[in-house]
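Here are the chains, one letter per residue:
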Amino acid sequence: MATKIDTTLLTFTSEQVRAIGDMTFDAFVKAPEVQATCVIHDNVVFNREVAFFGVGGIVGSAAQGCNPTYDSYVVGTRKITWEPAEWQVPLALCYKDLDNTLGVYSRKTGIAIADMVDTDYMNVIVMALTESLKEFFIRVIWFGDKLIENITDAGVLVNTCDVKYFNLIDGLFKQMDTQVTANAEQGVNVAENEGVSKVAQAMVVANVQGYLSKLIFNAPLELRGMANNFILCTQTIYDAYYQSLLSDKITPMYQNILDGVEALTYLGVPIIPMPLWDRLIKTYFDQGATYLNPNRALYTNKEVLGVAVDSLSSLGEIDVNYDKKSKLVLIDAGGMLDAKLQNPSLFTYEV
């Protein structure tokens, strides 16, 4: 597959083009940084068990005097097993793909014409690829499913998308679905998601505060007692909550949770919108008449959401090299990745 910038909608002359580096592309709508909502585990390169210690058993009873009967005492434990999967982004660029496009004005000349490294054109490719890698990271840790299938194969992924872009690991949504199936108390039903049309799935403003209330008050007491809890949600829920405050004649108050990221609060809990969830759902989980659960919210704590990587630097590392033999510019990125609920009992999930 060719690697290039789509210039089919552009008209140009050599005099009008100064540098492709001056071009702009649609900005990626950034969700809050993963580091703000997940615990990142570095240097995980193979299957590895991690133990967590809980509370001890019950103790304390009336004194028995001399030679007492000794009680049993057990400290509870649980474990997760990291299963990092290897990912890669192999791309190639041929200078001939730029013929009759804007890109010809960024090419070198003479014998070096095929070497596009360190050109304005390649700089734009790398900038765009950096944003695509951010989307990949969020897409996989949340929506990953090793068993995902296209709609034509009785699955939920749109037919136009290859399953390879989602089946690297089982992401957090799938893990939460499994947990809620086993423990229904951790789930909050959103009636709008069961609508028979996309219009019917629109979040009803009058309902949203009731859903948020259930998220918090249905949560395990251990979670509610933790510091720095938050609610992650689709933009649909966030917007409906904002509108509900206006309807109640309440001035929305924001809390700064991350550089450049402000969040509304509900009962003192920050509500963090994840607009990328909305875009991924509408792009890849369009079921025709409806979307697959377009209104989602999660009440939990950063310590519950774990992500493992082989190297933090690998997440944004892009290698660009020119191969003289093939006359191709080779672009590569890769690493190891996994995501886990570090304590599956400490969340409530609205879907």
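Up top is the structure.
We now turn to the structure provided with this report. As the structure is a prediction and not an experimental result, all values here were calculated from the model.

This next bit is on the nonpolar core. Residues Trp 142, Phe 143, Leu 212, Ile 231, Leu 232, Leu 305 and Leu 337 are the most contacted members of the largest nonpolar core, which totals 81 residues. Ranked by residue count, the leading element in this core is helix 2 (residues 120-143), at twelve residues. Those residues in contact with Phe 143 that sit more than four places away from it in its chain are Ile 138, Phe 166, Phe 173, Trp 277, Leu 280, Ile 281, Phe 285 and Arg 296.

Where charged atoms from two side chains of opposite charge come close, those side chains can pair. Tallied over the full model, the rule gives ten salt bridges. Between Asp 115 and Lys 108 there is a salt bridge, and its shortest N-O distance comes to 3.5 Å. Given a relative accessible area of 17%, Asp 115 falls into the buried group. On the basis of relative accessibility, which here comes to 29%, the residue Lys 108 falls in the partly exposed class. Among the ionic pairs, Arg 279 bridges to Glu 135, the shortest N-O distance being 2.5 Å. Of this pair, Arg 279 sits in helix 7 (residues 275-284) while Glu 135 is found in helix 2, placing the two residues 144 residues apart along the sequence. The class of Arg 279 is partly exposed, set by a relative accessible area of 36%. Several salt bridges share partner residues, and in doing so they unite Glu 83, Asp 338 and Lys 340 into one network.

With that settled, the discussion passes to the environment of Gln 243. Checked against the element boundaries, Gln 243 lands in helix 6 (residues 235-247). Between the alpha carbons of Gln 243 and Val 208 there is a distance of 9.6 Å; along the sequence they are 35 residues apart.

This part covers the pairing of strand 11 (residues 305-309). Counting buried positions along strand 11 gives five out of five residues, so the element sits mostly inside the fold. Burial along strand 11 is two-sided: Leu 305, Val 307 and Val 309 facing one way and Gly 306 and Ala 308 facing the other are all buried. Here strand 1 (residues 39-41) runs beside strand 11; their pairing, made up of three bridges, is parallel. Each bridged residue has a counterpart across the sheet, and for Val 39 the counterpart in strand 11 is Gly 306. As judged from the five bridges shared by strand 11 and strand 13 (residues 328-341), these two strands associate in the antiparallel manner. Across the sheet, Gly 306 pairs through a bridge with Lys 340, a residue of strand 13.

Calculation criteria
Residues numbered from 1 in each chain as written. Predicted model: local features only at pLDDT ≥ 70, side-chain atom pairs only at ≥ 80, totals over all residues. Heavy atoms only, no water. Core = buried A, V, L, I, M, F, W, Y, C linked by side-chain atoms within 4.5 Å. Buried < 20%, exposed > 50% of the residue type's maximum accessible area, 1.4 Å probe, protein only. Helix = DSSP H or I, 4+ residues; strand = E, 2+ residues; numbered from the N terminus. Contact = heavy atoms within 4.5 Å. Salt bridge = Lys/Arg side-chain N within 4 Å of Asp/Glu carboxyl O. Pairing = 2+ DSSP bridges.

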